[in-house]
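Residue-level structure breakdown
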Amino acid sequence: MALSPTDRKLFLGARVKRLRRELGVTQTRMAEDLGVSPSYLNLIERNQRPVTAQVLLRLAEAYDLDLKTLASDPESASATGLSEVFSDQMFRDLAVARHEIAEVADSAPGVSEAIVRLYRAYLDQRRMADLGGVGRPEDGTLVQPVVTPSDWVRDYIQAQKNHFADLEDAAASLAGELAADAEDFPGAARARLAQKFGIQVRVVPVEVLPESVRRFDHHRKRLFLSEVLTGAGRSFSLAYQLALLEHRDLLEALADRAGPPDRPTRNLLKVSLTNYLAAAILMPYGAFYEAAERTAYDIELVRARFGVSFEQACHRLTTLARPGQRGVPFFMVRVDSAGNISKRFAGSAFPFSRFGGACPRWNIHSSFRTPGRIIPQIIETPDGQRYFTIARTVARVARPFASDESDLAIGMGCELKYAERLVYSRGLDLRDPVATGIGPACRICERPACPQRAAEPISRTLTVDDFTKSITPYPFAST
């Protein structure tokens with residue numbers, strides 16, 4: 001007989017300990033807040049006592065906590081990354097089970113991240129060797145692999161669930177002072193830049209800024225914006241400059257607190273945080289959340305209301321993780337027509353490879369054939385998890401006729417259980433949906449009989465013979 005939720009024992013020691021460390025409080029202090037003894041809390045953290053309903057409620061009340069953050073998440077970034085690592089052929093003989101990976105990721109997320117970084121360094125080394133850019137160890141010319149700034153920043157932002165409460169508060173304060181709607185924002189921002197900082201804004205021909213769309217001249221106190229920027233792009237550029245000037249100290253402090261490994265990584269992180277703040281100024285959390293919920297996450301309506309682009313609205317939707325005002329936990333990717341991923345963010349589970357591109361069976365790739373049209377799709381990963389997704393192409397700037405600038409595609413998605421909250425799911429059978437089977441990068445995907453497979457999985461044996469032609473060019477053994 002199945003246990004009811006109230007009968008199940010919840011052993012959440014690792015997550016309680018992680019929460020306490022993130023809050024920077026001692027066991028004694030947290031025990032006082034929860035109304036238990038330090039020794040009892042110690043037993044909880046060591047999984048020798050279950051977490052009772054009363055303790056859960058006290059956690060939520062004492063720390064303004066959404067209890068969903070304590071729920072087990074087998075599809076967390078750490079677990080997903082480890083799954084990809086241990087699917088490598090070098091670990092094939094170990095047969096590491098998924099529940100073991102989930103346990104390690106849950107109890108030791110720092111160790112999990114270290115393993116993932118080592119694996120990434122190994123992949124970088126192997127790719128460089130394949131390209132002839134790295135010598136052999138015996139030659140004494142082995143190059144030390146490093147984590148790129150973009151990888152480090154992406155992982156850091158993901159570790160924060162793509163939500164920064166300090167920046168949200170700063171943005172709400174500044175937006176309140178400006179008191180401007182989407183139509184009036186450019187004028188209000190220009191006036192603020194001129195009156196408070198003595199900065200003048202000029203829109204200049206593309207010939208003046210042939211390789212950039214925004215440039216700030218510190219000496220002349222001029223902000224130059226390219227004429228190819230759309231209205232949404234110009235507003236964002238103004239918001240970015242305001243964010244940088246109004247809250248420089250906060251941005252510097254957050255960048256330092258993250259502990260980036262070098263100056264280029266720190267610079268990229270600061271730019272990313274400033275972009276976040278600029279978006280939050282244009283789309284204040286409370287108003288944006290309410291608009292998203294009331295319109296059933298109709299992105300076109302929401303973006304029009306706030307005077308932003310489709311991509312900017314999509315990106316903002318991935319940040320709605322405030323306790324008590326949580327939006328649908330979306331993931332987002334941006335790809336070019338060749339499938340290269342140039343942006344990825346997630347407020348929750350992310351079903352694609354951390355080390356590769358998106359699956360060709362996902363309709364984000366076919367969206368280039370119907371530019372500007374939103375295409376919904378239900379996808380299913382090899383582990384049976386289902387997601388509701390939409391895809392649409394975007395153009396970032398106005399393109400001259402002879403320009404070689406090409407469209408990009410934005411893919412948004414969430415777990416299928418949230419799909420009923422989205423306008424795009426109306427008319428679809430969500431209880432018994434038609435789902436397209438997808439996987440991570442082909443090298444680590446074990447979905448059988450895929451006609452779009454580009455390579456055999458490294459964890460399986462290729463089974464090609466003279467007697468059978470499979471629908472996939474790379475048939476493989478099931479075990």
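Residues numbered from 1 in each chain as written. Predicted model: local features only at pLDDT ≥ 70, side-chain atom pairs only at ≥ 80, totals over all residues. Heavy atoms only, no water.

Glancing now at the overall build of the protein chain. Looking only at helices and strands, the protein chain has 16 helices and 11 strands in total. In the protein chain, which comprises 479 residues, the proportion classed as buried is 45%. Accessible surface, the protein chain as shown: approximately 25000 Å² in total, 52% of it carbon and sulfur. (Helix = DSSP H or I, 4+ residues; strand = E, 2+ residues; numbered from the N terminus. Buried < 20%, exposed > 50% of the residue type's maximum accessible area, 1.4 Å probe, protein only. Areas by Shrake-Rupley, 256 points an atom, 1.4 Å probe, with all protein chains shown as cover.)

Turning our attention to the sheet that holds strand E3 (residues 222–226). An order of E1-E3-E2 is seen for the 3 strands of this open sheet, with the pairing classed as mixed. What marks the edges here is a single partner per strand, and that holds for strand E1 (200–204) and strand E2 (214–217). Strand-to-strand twist across the sheet, computed as the mean angle between neighbouring axes with direction ignored, equals 20 degrees. Of the pairings in the sheet, the one linking E1 to E3 comprises 5 bridges and is parallel in character. Each bridged residue has a counterpart across the sheet, and for Gln200 the counterpart in E3 is Arg222. Against the sheet, helix H11 (residues 231–246) touches E1, E2 and E3, its axis set at about 155 degrees to E3. (Pairing = 2+ DSSP bridges. Axes fitted to C-alpha atoms, helices over the stretch in contact; angles between N-to-C directions. Contact = heavy atoms within 4.5 Å.)

Relative to the helices and strands, Gly81 is located in helix H5 (residues 77–86). In this structure Gly81 comes out as buried when scored by relative accessible area, which is 0%. Gly81 sits 24 residues away from Ala105 along the chain, and the two C-alpha atoms are 9.2 Å apart.

Moving on, we get to unusual backbone geometry. Glycine aside, negative phi is the norm for most residues, and most peptide bonds take the trans geometry. Backbone geometry at Asn47 places phi at a positive 60 degrees, although glycine is not the residue there. One can find Asn47 in the loop between helix H3 (38–45) and helix H4 (53–63). Here Asn47 falls in the partly exposed class, since its relative accessible area comes to 36%. Look at Tyr297: it is not a glycine, yet its phi comes out positive at around 60 degrees.

Another aspect to go through is H11. Compared with an ideal rise of 1.5 Å per residue, which puts 16 residues at 22 Å, H11 spans 22 Å between its outermost C-alpha atoms and is within 8% of the ideal. With 14 of its 16 residues buried, H11 lies for the most part within the structure. (Expected span 1.5 Å × (residues − 1).)

For the rest of this paragraph, the subject is the side chain of Asn162. Along the chain, Asn162 falls in the loop between helix H8 (149–159) and helix H9 (165–178). The buried category is assigned to Asn162, whose relative accessible area is 2%. What Asn162 contacts, discounting residues up to four positions off in sequence, is Ile157, Tyr276, His315, Thr318, Thr319, Phe345 and Ala346.

With that settled, consider the confidence of the model for the protein chain. Considering every residue of the protein chain, the mean pLDDT works out to 83; 85% of them sit at 70 or more. pLDDT under 50 marks residues 1–7. Its contacts with residues more than four places away, or in other chains, come to 1 contact. This model gives residues 133–138 a pLDDT under 50, and the stretch forms 12 contacts once residues within four places in sequence are excluded. (pLDDT = per-residue confidence, 0-100.)

Position of Arg334 among the secondary structure elements: in strand E6 (residues 331–335). When neighbours within four sequence positions are excluded, Arg334 is seen to be in contact with Glu311, Asn340, Ile341, Ser342, Lys343, Arg396, Leu408, Ala409 and Ile410.

With 80 residues, the main nonpolar core has Leu193 and Leu317 as its most contacted residues. Those residues within four positions of Leu193 in sequence are excluded, and the remaining contacts are Gly198, Ile199, Val201, Leu223, Leu238, Gln241, Leu242 and Leu245. If you look at the next biggest cluster of nonpolar residues, it comprises 16 residues, including Leu12, Val25, Val36 and Leu65. (Core = buried A, V, L, I, M, F, W, Y, C linked by side-chain atoms within 4.5 Å.)

So, about the sheet that holds strand E11 (residues 436–437). Taken in spatial order, the 6 strands line up as E7-E6-E10-E9-E8-E11 in an open sheet, and their pairing is mixed. A strand with exactly one partner marks an edge of an open sheet, and here the two such strands are strand E7 (341–346) and E11. Of the strands in this sheet, E6, E7, strand E9 (386–394) and strand E10 (408–415) are in contact with helix H16 (residues 310–317), which crosses E10 at around 30 degrees.

We now examine the packing of aromatic side chains. Evaluation of the coordinates by the stated rule reveals 7 aromatic pairs. Taking 5.3 Å as the distance between ring centres and 85 degrees as the angle between the ring planes, the aromatic pair formed by Phe164 and Tyr276 counts as edge-to-face. Here Phe164, found in the loop between H8 and H9, pairs with Tyr276, found in helix H13 (residues 263–282); they are 112 residues apart in sequence, far enough to count as distant. Owing to a relative accessible area of 9%, Phe164 belongs among the buried residues under this scheme. Positioned above the aromatic ring of Tyr240, the side-chain terminus of Arg214 is 4.1 Å from the ring centre. (Phe/Tyr/Trp six-rings, centres within 6.5 Å; stacked < 30°, edge-to-face > 60°. Lys NZ or Arg CZ within 6 Å of the ring centre and 35° of its normal.)

On to helix H14 (residues 285–294). All of the buried residues in H14 are Tyr285, Phe288, Tyr289, Ala291 and Ala292. Projected down its long axis, H14 shows its buried positions confined to an angular sector of 165 degrees, all on one face. Buried residues in H14 make contact with H9, helix H15 (299–306), H16, strand E4 (321–322) and strand E5 (325–326). Just downstream of H14 lies Ala296, where phi reads positive at about 55 degrees. (Arc of directions from axis to C-beta.)

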